[in-house]
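So the chains spell out like this:
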Amino acid sequence: MTPFVPATYVREVESAVREGGWTIRYLSPTPAGARPWLEHPASDRATATPPPRLYLSAGIHGDEVAGPLAVLAMLREPAFFSQVDATIFPILNPEGLARGTRGNFTGIDLNRDYRGPVTSETRGHLAVLPTLGRYDVTIMLHEDYEGTAAYLYELNDGPITDLGPRIIAAMRRHVPIDERPIIEEVEARGGILQRADLIRKHGPIEARPDWPEAIYLSINHTRVSYTTETPMLQPLEHRVAAQVSAVRAVIDALTKTKNVP
Ligand SMILES: [Zn+2]
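Residues numbered from 1 in each chain as written. Predicted model: local features only at pLDDT ≥ 70, side-chain atom pairs only at ≥ 80, totals over all residues. Heavy atoms only, no water.

Description of the coordination of the zinc ion
Turning to step 1, where the next piece is worked out: Within the first shell, the zinc ion binds the protein through His61 (ND1), Glu64 (OE), Glu64 (OE) and His142 (ND1), at distances of 2.0 to 2.3 Å.
Turning to step 2, where the next piece is worked out: In this structure, the zinc ion is coordinated by four donor atoms arranged in irregular fashion, with angles at the metal of 58 to 156°.
Turning to step 3, where the next piece is worked out: Motif for the zinc ion, donor spacing along one chain: H-x2-E-x77-H. On the criterion of sequence distance, the pair formed by His61 in the loop between strand 3 (53-58) and helix 2 (66-75) and His142 in strand 5 (residues 137-144) is long-range, its members being 81 residues apart. (Donors = N, O, S within 2.8 Å, 3.2 Å for Na, K, Ca; no water. Tetrahedral: all angles 85-135°; square planar, octahedral: opposite > 155°, others 65-115°. Helix = DSSP H or I, 4+ residues; strand = E, 2+ residues; numbered from the N terminus.)

Put into structure tokens, the structure is as follows:
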């Protein structure tokens with residue numbers, strides 16, 4: 001696989017959002033490069049109701065490239081985010097992506113650092129997050145390095161109760177879905193690991209000492225959090241397409257639900 005070059009990726013993101021009403025800002029930089037983050041108000045305001053708010057992040061694990069590449073593909077589609085207020089963090093761990101490693105340059109897993117953060121990367125992210133308010137859905141794009149099939153983590157206390165199956169159906173068009181009854185030692189149904197099953201395995205998630213981004217968000221910013229996991233043993237273009245389809249399924253569900261009187 002061609003190496004992931006963070007500086008090139010960031011230039012491509014910057015180029016993709018030059019048009020279309022995006023605001024681009026930067027988190028604390030890392031030696032491997034800048035960390036842009038993006039905001040975009042819904043341009044398609046057909047109704048008087050406020051547009052749904054979507055949070056999307058990727059690239060927190062440096063060996064999982066499908067997420068950042070999927071974000072770039074979405075940004076290159078002019079109307080992809082037109083119906084939502086979007087906040088996007090495309091590349092949270094440039095050091096890891098440059099090296100192809102899960103953690104940052106000191107080997108720390110940033111996605112276990114959202115409670116009492118010790119890394120400059122997570123501290124930089126947490127310097128911005130408290131300013132952002134509430135989201136209807138947050139979605140984090142990940143990959144499973146030994147996987148042949150996709151699955152997702154679901155924390156959904158929101159109104160769209162079938163959102164998980166909708167995301168799975170969208171991903172299934174591009175990659176196989178992991179139908180095993182136990183995934184990562186947690187009970188699963190149709191590729192979905194739900195809050196209750198995670199609690200049964202790990203205990204109350206808020207009590208964990210090593211919050212991932214999803215737990216921080218579910219406590220502070222949202223009732224609905226999804227973490228997609230595409231299988232690294234499948235071709236990259238299929239994994240990218242699956243991640244794009246997952247986010248499109250979320251936007252479709254949000255816009256159709258929000259507009260119902
Ligand atoms: Zn990951």
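Overview of the nonpolar core
Turning to step 1, where the next piece is worked out: Counting residues in hydrophobic clusters, the biggest one holds 49 residues, and the most contacted among them are Leu54, Leu75, Phe81 and Val247.
Turning to step 2, where the next piece is worked out: In terms of residue count, helix 8 (residues 236-258) provides more of this core than any other element does, nine residues in total.
Turning to step 3, where the next piece is worked out: Filtering out sequence-adjacent residues up to four positions away, Val247 remains in contact with Leu54, Leu56, Met74, Phe80, Phe81, Ile139 and Leu141.
Turning to step 4, where the next piece is worked out: One finds Phe89, Ile205, Trp211 and Ile215 within the second-largest nonpolar core, a separate group that totals 27 residues. (Core = buried A, V, L, I, M, F, W, Y, C linked by side-chain atoms within 4.5 Å. Buried < 20%, exposed > 50% of the residue type's maximum accessible area, 1.4 Å probe, protein only. Contact = heavy atoms within 4.5 Å.)

Description of helix 4 (residues 120-128)
Turning to step 1, where the next piece is worked out: Where helix 4 is concerned, the buried positions are Glu121, Thr122, Gly124, His125, Leu126 and Val128.
Turning to step 2, where the next piece is worked out: Contacts made by the buried residues of helix 4 are with strand 1 (23-30), strand 2 (33-40), strand 3, strand 4 (85-89), helix 3 (94-99) and helix 7 (213-220).

Thoughts on the packing of helix 1 (residues 6-16) against helix 2
Turning to step 1, where the next piece is worked out: One can describe the packing of helix 1 onto helix 2 by two numbers: an axis separation of 9 Å at closest approach and a directional angle of 20°. Relative to helix 2, the element helix 1 lies roughly parallel. Considering only the axes of helix 1 and helix 2, their crossing is left-handed. Contacts from Tyr9, Glu12, Val13 and Ala16 in helix 1 reach Pro68, Leu69, Val71, Leu72 and Leu75 in helix 2. (Axes fitted to C-alpha atoms, helices over the stretch in contact; angles between N-to-C directions. Parallel < 35°, antiparallel > 145°, perpendicular 65-115°, else oblique. Left-handed = near helix turned anticlockwise from the far one by under 90°.)

Remarks on the side chain of Glu213
Turning to step 1, where the next piece is worked out: Among the secondary structure elements, Glu213 is positioned in helix 7.
Turning to step 2, where the next piece is worked out: Despite its burial, Glu213 pairs with no opposite charge; the closest candidate is Arg112, at 9.3 Å N-O.
Turning to step 3, where the next piece is worked out: Of note is the side chain of Glu213, whose polar atom sits 2.6 Å from the side chain of Tyr55. (Lys, Arg positive; Asp, Glu negative; His and termini not counted. Salt bridge = Lys/Arg side-chain N within 4 Å of Asp/Glu carboxyl O. Polar contact = N/O pair within 3.5 Å; in protein donor to acceptor, adjacent residues only side chain to side chain.)

So, the packing of aromatic side chains
Turning to step 1, where the next piece is worked out: With the rule as written, the count across this model stands at eight aromatic pairs.
Turning to step 2, where the next piece is worked out: Here Phe4 and Tyr9 contribute two aromatic rings whose centre-to-centre distance is 5.2 Å and whose plane-to-plane angle is 40°, an arrangement assigned as tilted.
Turning to step 3, where the next piece is worked out: Phe4 sits in the buried class, given a relative accessible area of 12%.
Turning to step 4, where the next piece is worked out: Taking the relative accessible area as the measure of exposure, Tyr9 reaches 2% and is therefore buried.
Turning to step 5, where the next piece is worked out: For Arg53, the ring lying beneath its charged end belongs to Tyr135, and the centroid distance is 4.4 Å. (Phe/Tyr/Trp six-rings, centres within 6.5 Å; stacked < 30°, edge-to-face > 60°. Lys NZ or Arg CZ within 6 Å of the ring centre and 35° of its normal.)

Let's talk about the side chain of Glu229
Turning to step 1, where the next piece is worked out: As for its placement among the helices and strands, Glu229 is situated in strand 10 (residues 224-231).
Turning to step 2, where the next piece is worked out: For the buried Glu229, no salt bridge is present, and the opposite-charge side chain at shortest range is Arg102, 6.8 Å distant.
Turning to step 3, where the next piece is worked out: Here the side chain of Glu229 touches Asp144 through a polar contact of 3.5 Å, landing on its backbone nitrogen.
Turning to step 4, where the next piece is worked out: What Glu229 contacts, discounting residues up to four positions off in sequence, is His142, Glu143, Asp144, Ala150, Tyr151, Tyr153 and Met171.

Topic: unusual backbone geometry
Turning to step 1, where the next piece is worked out: The backbone phi angle of Glu184 is positive, close to 50°, even though this residue is not glycine.
Turning to step 2, where the next piece is worked out: You can see Glu184 is positioned in the loop between strand 7 (182-183) and strand 8 (186-187).
Turning to step 3, where the next piece is worked out: Positive phi, close to 70°, is recorded for Glu185, a residue that is not glycine.
Turning to step 4, where the next piece is worked out: Within the fold, Glu185 resides in the loop between strand 7 and strand 8.

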